[in-house]
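# Residue-level structural notes
Residue-level listing of the chains:
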Amino acid sequence: MGEGQGVRVDRRNHQEEKRTHHMATTTTEQLGGYGQSVKRKEDPRFLRGKGTYIDDIKLPGMLYMDIVRSPFAHARITDITTQPALDIPGVLAVITGKDLDAAGLAWMPTLMSDRQMVLPVDTVMYQMQEVAAVIADSRYAAADGAAAVEVDYEPLEVVVDPFKALQDDAPILRPDREIKSNRIFHWEAGDSAATDKAFAEADVVVEQDMYIPRIHVASIETCGCIAQVDEVSGKLTVWMTTQAPHAIRTVFSLVSGIPETKIRVISPDIGGGFGGKVPVYPGYVIAVVAALTTGKPVKWIEDRSENLQADSFARDYHMKARLAATQDGTITALDVVTIADHGAFDAAANPSKFPAGLFSIATGSYDLETAHVEVDGVYTNKPPGGVAYRCSFRVTEAVHAIERMVDILAHEIGKDPAQLRMENFIRKEQFPYRTPTGWEYDSGDYAPALQKALDMIDYAGLRREQAEKRERGELMGIGISSFTEIVGAGPSHDFDILGLKMFDSCEIRVHPTGKVLARIGVQTQGQGHETTFAQIIAEELGFPVGDIKIEYGDTDTAPYGLGTYASRSTPVAGAAAAMASRKIKEKARHLAA
């Protein structure tokens, strides 16, 4: 096929095609398709230190931005004096919340139906929150300018305990909201009445209070961006550390009013994401405002202290769980009540339609009669929370809850934890299986999988060793976790972000010389997309992996996609690549006929 005869596919609903197409390896080692061992296509530039990260990019006339941050967790801003910063050589401008407010840019939407301050006008909500931005002709002058800005604060009552935040006498932390409450949302799944009845009739009830503390992603590369405005076309280009370029472009358009056709987001090589580079951080928006104001490109790179203290966090779940069972260990019901500390703003970048993400997967791999889970999101004076660290979307918290409770039940009734799990797993013949909280599991055979793992580690031998050591007064623990996880965010009936639903795309072109160019809507942070997607296309079309080029991360060229997180790139965008390949093949057959 000649240049231009390409095919683009959105992966929205291809269940029928999945059922009719098997995944067996058919290519040779030379082609490098499914199951073949090939060298990663992206590694040569990384091994040679030739990757292009955000701080490697330098543009003519580029300015630098540094951010003034609050030393208080909750305080009223009584005055900001910017002149001492402007007196420093090289400092060109200082941007405050009042400047943004005058332009209608003091607030921005989050990805989960909340809104967040870009810069505060009168009140700071957490320690290290952005207060002002300094623009200078060097990074050092910008840092000196940030240190010179004088901010007067009037400290306010600080609330960092989500339980206290829900008390009647707690100060309202977000008076900007129509509902004057520190409760962000209440969400529940399952049957509360049936669950209460099951607990009332249970032979055995175990319960546990659990806390999964707040954690930070801490990628090797911190967040940053460069914003540039073309003075002729008026087009805004932003190079930035983002896992979801197209979604970010949409947010920028919503905040600024600039049409998406006039916004280009480029995500170069990224030094780790883990969910922490999905949100839109205030620094990104401020840099765009600075570029619009000065007419020059503006770079912002946060330092490690800023990254660890001010970026969005994950976890911070307080869970009270109960498990009901018969005397012989048949689990009948689960109940989990959770308080989720989301900090000052709900920064969850959660692609599901549920405010608590996928927490209702909490019934895990077990066949329960009934279950009920509920979550209350709460504001506190902490940095924004809710990041889906390492594909969580609250699955990690849910798995921790059910697996901890099964262990406690095993201890309570004196049954081996592995045996208890085996006896309560959903059986193979029960699939497709609908959980008490509403999820449908299409297939599974859990008991043999666990048995294989036990055999591989000689579980019986380890238990004997454990008993012998305990007789000598030594401690030895053996942990088991068997979980069912939702990954591959894609089906629109369950997943959504910004009202865009969830899908991904692949566009493939075959050049006259037999080389292939494929553009995908997902963004890599080290997963190896250039190799994985090339292997998928090699398998489908029969072109060698070395002849297939994969492009991504540029909203001007890549088809619209919802980004990389939730282990979704290969299941969703990879499926789109396979489907597009098959359409290319059909087109080739038609032309050859």
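Described in the following lines is the structure provided in the data block. None of the values given here were measured: they were computed from a predicted structure. (Residues numbered from 1 in each chain as written. Predicted model: local features only at pLDDT ≥ 70, side-chain atom pairs only at ≥ 80, totals over all residues. Heavy atoms only, no water.)

To continue, consider the overall build of the chain. Check the secondary structure of the chain and you find 16 helices and 24 strands. C-alpha atoms of the chain, sized along the principal axes, occupy 80 × 75 × 50 Å. Residues classed as buried in the chain amount to 57% of the 593 residues present. Contacts in the chain between residues far apart in sequence, at least 24 positions, make up 80% of those at least 6 positions apart. Of the accessible surface of the chain, which amounts to about 25,400 Å², a share of 51% is contributed by carbon and sulfur atoms. Taking the average place of the 62 positive charges on the side chains of the chain and the average place of its 82 negative ones, the gap between the two points comes to 6 Å. (Helix = DSSP H or I, 4+ residues; strand = E, 2+ residues; numbered from the N terminus. Buried < 20%, exposed > 50% of the residue type's maximum accessible area, 1.4 Å probe, protein only. Contact = heavy atoms within 4.5 Å. Areas by Shrake-Rupley, 256 points an atom, 1.4 Å probe, with all protein chains shown as cover. Lys, Arg positive; Asp, Glu negative; His and termini not counted. Charge placed at Lys NZ, Arg CZ, Asp CG, Glu CD.)

What follows is about the sheet that holds strand β7 (residues 123–124). Spatially, three strands are ordered β7-β3-β9 in an open sheet, and the strand pairing comes out antiparallel. Each edge of the open sheet carries a strand with a single partner, namely β7 and β9 (150–155). Where strand β3 (residues 75–81) lies against β7, two bridges are found, and the strand directions are antiparallel. Counted as the bridge partner of Arg76 is Thr123 from β7. (Pairing = 2+ DSSP bridges.)

Once that is clear, we can look at the packing of helix α12 (residues 417–424) against helix α13 (residues 446–456). Where α12 contacts α13, the axes come no closer than 9 Å and their chain directions differ by 160°. Judged on the interaxial angle alone, α13 and α12 are roughly antiparallel. Classified by chirality, the crossing of α13 by α12 is left-handed. On the side of α12, the interface is formed by Ala418, Arg421 and Met422, while α13 contributes Ala447, Leu450, Gln451 and Leu454. Partitioned by chemical class, the residues of the contact of α12 with α13 number five nonpolar, one polar and one charged. (Axes fitted to C-alpha atoms, helices over the stretch in contact; angles between N-to-C directions. Parallel < 35°, antiparallel > 145°, perpendicular 65-115°, else oblique. Left-handed = near helix turned anticlockwise from the far one by under 90°. Nonpolar A, V, L, I, M, F, W, Y, C, P; charged D, E, K, R; others polar.)

Summed over the entire model, instances satisfying the criterion amount to 41 salt bridges. Between Arg322 and Asp335 there is a salt bridge; the shortest N-O distance is 3.5 Å. Residue Arg322 is found in strand β16 (residues 313–325), and its partner Asp335 is found in strand β17 (residues 331–341); the two are separated by 13 residues along the sequence. Residue classification places Arg322 among the partly exposed positions, given a relative accessible area of 22%. Judged by its relative accessible area of 8%, Asp335 is buried. Taking the shortest distance from any N to any O, the salt bridge between Asp416 and Arg463 comes out at 3.5 Å. (Salt bridge = Lys/Arg side-chain N within 4 Å of Asp/Glu carboxyl O.)

Moving on: helix α9 (residues 282–294). In this model, α9 (13 residues) spans 18 Å end to end at C-alpha, consistent with the 18 Å of a helix rising 1.5 Å per residue. The element α9 is largely enclosed, with a buried count of 10 among its 13 residues. (Expected span 1.5 Å × (residues − 1).)

What follows concerns the sheet that holds strand β15 (residues 298–301). As summarised here, the arrangement of the seven strands in space is β4-β8-β2-β15-β12-β13-β14, forming an open sheet in which the pairing is mixed. The two strands at the open ends of the sheet, each matched to only one other strand, are β4 (91–96) and β14 (263–266). Strand after strand, the sheet turns through a mean of 20° between neighbouring axes, direction not considered. Here strand β12 (residues 224–229) runs beside strand β13 (residues 236–240); their pairing, made up of five bridges, is antiparallel. Each bridged residue has a counterpart across the sheet, and for Gln228 the counterpart in β13 is Thr237. Its contacts with the sheet put helix α5 (residues 139–148) on β2 (63–69), β4, β8 (130–136) and β15, and the angle it makes with β2 is roughly 25°. Each of β2, β4, β8, β12, β13 and β15 touches α9; the most contacted strand, β12, lies at about 25° to it.

Further remarks concern unusual backbone geometry. Here the bond from Phe431 into Pro432 is cis, since omega is -5°, no more than 30 degrees from zero. Positive phi, normally seen in glycine, also occurs at Met128, with a value near 75°. With a phi close to 55°, Phe274 is a non-glycine residue in the positive phi region. For Phe274, a relative accessible area of 40% gives the class partly exposed.

On to the pairing of strand β24 (residues 548–551), then. Because side chains alternate across β24, one face comprises the buried residues Ile548 and Ile550, and the other comprises Lys549 and Glu551, none of which is buried. Where strand β23 (residues 516–520) meets β24, four bridges bridge the pair, whose relative direction is parallel. Within the sheet, the bridge partner assigned to Arg519 lies in β24 and is Glu551. In this region the chain leaves β23, passes through helix α15 (residues 529–541) and returns to the parallel neighbour β24; the handedness of that crossover is right-handed. (Right-handed = clockwise from strand over helix to strand, strands pointing away.)

As a further point, take the packing of aromatic side chains. Counted by the stated rule, this structure contains 14 aromatic pairs. Aromatic pair Phe72 and Tyr153: ring centres 5.2 Å apart, planes at 55°, arrangement tilted. One end of the pair, Phe72, is in the loop between β2 and β3; the other, Tyr153, is in strand β9, and 81 residues separate them in sequence. Classification of Phe72 by relative accessible area gives partly exposed; the value is 30%. On the basis of relative accessible area, Tyr153 is assigned to the buried category, the value being 17%. Pairing Phe354 with Trp439 gives two aromatic rings, centres 5.9 Å apart and planes at 85°, and the pair type is edge-to-face. One end of the pair, Phe354, is in the loop between β17 and β18 (370–378); the other, Trp439, is in the loop between β20 (433–434) and β21 (440–441), and 85 residues separate them in sequence. Three or more aromatic residues joined by ring pairs form one cluster here, namely Tyr366, Phe425, Phe431 and Tyr446. A cation sits over an aromatic face here: Arg115 above Trp107, 4.0 Å from the ring centre. The positively charged end of Arg322 is found above the aromatic ring belonging to Phe199, 4.0 Å away from the centroid. (Phe/Tyr/Trp six-rings, centres within 6.5 Å; stacked < 30°, edge-to-face > 60°. Lys NZ or Arg CZ within 6 Å of the ring centre and 35° of its normal.)

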